[in-house]
Amino acid sequence: RKEVEQDPGPFNVPEGATVAFNCTYSNSASQSFFWYRQDCRKEPKLLMSVYSSGNEDGRFTAQLNRASQYISLLIRDSKLSDSATYLCVVNRGGSYIPTFGRGTSLIVHP
Amino acid sequence: ETGVTQTPRHLVMGMTNKKSLKCEQHLGHNAMYWYKQSAKKPLELMFVYNFKEQTENNSVPSRFSPECPNSSHLFLHLHTLQPEDSALYLCASSQGTGTSGSYEQYFGPGTRLTVT
C-alpha cells in the first residue's frame, strides 16, 4: 500500500455541484494532515490543515477518520475557479517530513 | 518581500554547465525543502533542512548538491545534469518544530529547468 493514495480523477462536475475527495494513508502514527491546491504550472498552495475534530472554511470542509486512515475534502457550491489539482499531504509520525499524494484533478464546467 | 522567493524562475542549461538555484524565505521558518515536479508526476521530496542541518536526502543523485547557509536561504547546485532532470524545482519552508499546525508548508513559485 502506498504511503498516501488519491484517486487521480479527473472529477468533472458542473458549477454549483458538491464534490468530495478522499485520501488514504498507511502510517497509523501520522499526526499532521493537509490539503493543498495546485493550479496548472504553479506552486502548491495550502488550502487547509485537517484537524481531528474536522474543520470548515467557507465552502470547504475537511475531515479526518483515524480508524479508517483517510482524510476527506468536501467542496460545496463548486465554482469554475475551483478547477485545480488537490494534493493530500500526510506528515510522518508527527514530524515535519511530508508525503504528498499524487493529487486529484477537479474540473468544474459551466 | 514576503513569503518564499526563488530565482531564477526559468533556466535553460546544457549538460556540461554548472548552475545554482536560490531560495529565500521571509517567514521566520526553521525548515526548508527542495522538491522536484516532473510533468504529470507527483511532487518528489529531494532534501530537507532543519535549523541549517540536512535531515533528509531521498536518494538524490550527487549531481544535485544542496546548501543551506542559514535558516532563510537554501541553494541547489546543479552540475552535469541529464535531460531527464528537466522539471519544476520547488522550494518550501515550514516552522519545522512545535505543534502540528506549524508543519504547514509555504512554497515558492519554482524554477522551471530545461536541460538540453
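The preceding data block contains the structure.
Here the structure is a predicted model, which means the values were calculated and not measured.

Draft legend 1. How the structure looks around the sheet that holds strand 8 (residues 73–79) of chain B. Residue and element names in this part refer to chain B. The sheet built from 4 strands is open, its strands ordered 1-3-8-7 with antiparallel pairing. In this open sheet, the two edge strands, each paired with only one partner strand, are strand 1 (4–7) and strand 7 (64–70). Here the strands of the sheet are splayed against their neighbours by 15° on average, with no regard to which way each runs. Relative to strand 3 (residues 18–25), strand 1 is paired through 4 bridges, and the arrangement is antiparallel. For Thr7, the partnering residue across the bridge sits in strand 3 and is Lys22.

Draft legend 2. Spatial organisation of the layout of surface pockets. A volume near 680 Å³ is recorded for the largest pocket. Lining of the largest pocket is provided by 27 residues; of these, Gln37, Ser38, Ala39, Lys40 and Lys41 of chain B occupy positions nearest its centre. Counting residues per element, the lining of the largest pocket draws most heavily on strand 9 (residues 84–91) of chain A, which supplies 3 residues. Residue composition of the lining of the largest pocket, grouped by class: 11 nonpolar, 9 polar and 7 charged.

Draft legend 3. Seen up close, the state of the cysteines. Under the criterion given, the structure shown has 2 disulfides over all chains. The disulfide partner of Cys23 of chain A is Cys88 of chain A, and the S-S distance across this bridge is 1.9 Å. Around the S-S axis, the bridge from Cys23 of chain A to Cys88 of chain A shows a dihedral of about -70° and counts as left-handed. Here the residue Cys23 of chain A occupies a position in strand 3 (residues 19–25), and Cys88 of chain A occupies one in strand 9, the gap between them amounting to 65 residues. Of the two residues examined, Cys23 of chain A and Cys88 of chain A, each falls in the buried class. Between Cys23 of chain B and Cys91 of chain B runs a disulfide, and the two sulfur atoms are separated by 1.9 Å. Across the S-S bond of Cys23 of chain B and Cys91 of chain B the torsion is about -70°, and the bridge reads as left-handed. With a gap of 68 residues between them, Cys23 of chain B in strand 3 and Cys91 of chain B in strand 9 (residues 87–94) connect regions that are remote in the sequence.

Draft legend 4. Layout of the nonpolar core. Core analysis: the biggest nonpolar cluster contains 23 residues, and Phe21, Trp35, Ile71, Leu73, Ile75, Tyr86 and Leu106 of chain A have the highest contact counts within it. Elements represented by at least two residues in this core include exactly strand 3, strand 4 (32–38), strand 5 (44–50), strand 7 (60–65), strand 8 (70–75), strand 9 and strand 11 (104–109) of chain A. Grouped together as the second largest cluster of nonpolar side chains are 22 residues, Trp34, Val60, Leu76 and Leu78 of chain B included.

Reading the values: the criteria
Residues numbered from 1 in each chain as written. Chains lettered and ligands numbered in written order. Predicted model: local features only at pLDDT ≥ 70, side-chain atom pairs only at ≥ 80, totals over all residues. Heavy atoms only, no water. Pairing = 2+ DSSP bridges. Helix = DSSP H or I, 4+ residues; strand = E, 2+ residues; numbered from the N terminus. Axes fitted to C-alpha atoms, helices over the stretch in contact; angles between N-to-C directions. 1 Å grid on protein atoms, 1.4 Å probe; cavity = no way out; pocket = protein on both sides within 12 Å on 5 of 7 lines; lining within 4 Å. Points joined across faces, edges and corners; volume = space filled by probe spheres on them. Nonpolar A, V, L, I, M, F, W, Y, C, P; charged D, E, K, R; others polar. Disulfide = S-S within 2.5 Å. Buried < 20%, exposed > 50% of the residue type's maximum accessible area, 1.4 Å probe, protein only. Core = buried A, V, L, I, M, F, W, Y, C linked by side-chain atoms within 4.5 Å.

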